[in-house]
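Fold and geometry: a report
Given next are the chains, with one letter for each unit.
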Amino acid sequence: MEVRRITINIAGRIYPLNVPAAEEETLRKVGKQIENMIKDFEQNFDVRDKQDALAMCALKLGTNAEVVALNHEKNIKSSTERLISINQSLEEFGK
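I will try to describe carefully the structure that is included in this document. (Residues numbered from 1 in each chain as written. Predicted model: local features only at pLDDT ≥ 70, side-chain atom pairs only at ≥ 80, totals over all residues. Heavy atoms only, no water.)

**Some thoughts on the overall build of the protein**
- Broken down by element type, the protein carries two helices and two strands.
- Put simply, the protein runs from its N terminus to its C terminus through helices and strands in the order β-β-α-α.
- Overall, the C-alpha framework of the protein stretches about 70 × 40 × 15 Å when taken along its three principal axes.
- By the burial criterion, 17% of the 95 residues in the protein qualify as buried.
- Nonlocal contacts in the protein, meaning residues at least 24 apart in sequence, comprise 19% of its contacts between residues at least 6 apart.
- Surface accessibility of the protein: about 7,800 Å² in total, with carbon and sulfur atoms responsible for 54%. (Helix = DSSP H or I, 4+ residues; strand = E, 2+ residues; numbered from the N terminus. Buried < 20%, exposed > 50% of the residue type's maximum accessible area, 1.4 Å probe, protein only. Contact = heavy atoms within 4.5 Å. Areas by Shrake-Rupley, 256 points an atom, 1.4 Å probe, with all protein chains shown as cover.)

**Quick word on helix α1 (residues 24–44)**
- In this model, α1 (21 residues) spans 30 Å end to end at C-alpha, consistent with the 30 Å of a helix rising 1.5 Å per residue.
- Along α1, the residues that are buried comprise Glu24, Gly31, Ile34, Glu35, Met37, Ile38 and Phe41. Down the axis of α1, the smallest arc covering the buried residues is 160°, so these residues share one side. More than 90 degrees from the buried face of α1, the exposed residues found are Glu25, Lys29 and Gln43.
- For α1, the elements touching its buried residues are β1 (3–10), β2 (13–20) and α2 (50–94). (Expected span 1.5 Å × (residues − 1). Arc of directions from axis to C-beta.)

**Some thoughts on the pairing of β1**
- Relative to β2, β1 runs antiparallel, the two sharing eight bridges. Each bridged residue has a counterpart across the sheet, and for Asn9 the counterpart in β2 is Ile14.
- The turn linking β1 back onto β2 is made up of two residues, and Ala11 within it adopts a positive phi angle of 55°. (Pairing = 2+ DSSP bridges.)

**Notes on unusual backbone geometry**
- One non-glycine residue, Ala11, lies in the positive phi region at around 55°.
- Taking the relative accessible area as the measure of exposure, Ala11 reaches 16% and is therefore buried.

**Points about the packing of α1 against α2**
- At their nearest, the axes of α1 and α2 sit 9 Å apart, and the two run at 115° to each other. For the pair α1 and α2, the sense of crossing is right-handed. Contacts between α1 and α2 involve Gln33, Ile34, Met37, Ile38, Phe41 and Glu42 on the former and, on the latter, Lys50, Ala53, Leu54, Met56, Cys57, Lys60 and Leu61.
- Taken together, the residues of the contact of α1 with α2 sort by class into nine nonpolar, one polar and three charged. (Axes fitted to C-alpha atoms, helices over the stretch in contact; angles between N-to-C directions. Left-handed = near helix turned anticlockwise from the far one by under 90°. Nonpolar A, V, L, I, M, F, W, Y, C, P; charged D, E, K, R; others polar.)

**Quick word on the packing of aromatic side chains**
- Inspection of every chain in the model, using the stated rule, returns one aromatic pair.
- Residues Phe41 and Phe45 carry aromatic rings whose centres are separated by 5.7 Å and whose planes lie at 50° to one another, so their mutual orientation is tilted.
- With relative accessibility at 46%, the residue Phe45 sits in the partly exposed group. (Phe/Tyr/Trp six-rings, centres within 6.5 Å; stacked < 30°, edge-to-face > 60°.)

Following this line, the structure appears as structure tokens:
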């Protein structure tokens, strides 16, 4: 696996990272997303410093991740229920 050394700038700080080449683009996009969120919080809310903006980003990203996880669980449950129903219909049809 090829590993690349990249730098990501978040809140005015440079973070050097060693990442798998396949993940480089994703990490750069996420870094840019965080930077945009920080700017948005600074422009639209009473943010005293970068630490406040970063805390708000963490809360927002954590909430988004939780929503995605809950939706994933609901989709799995719904799909499972549909498959069970289809399977029962097939079994009845085969009798």
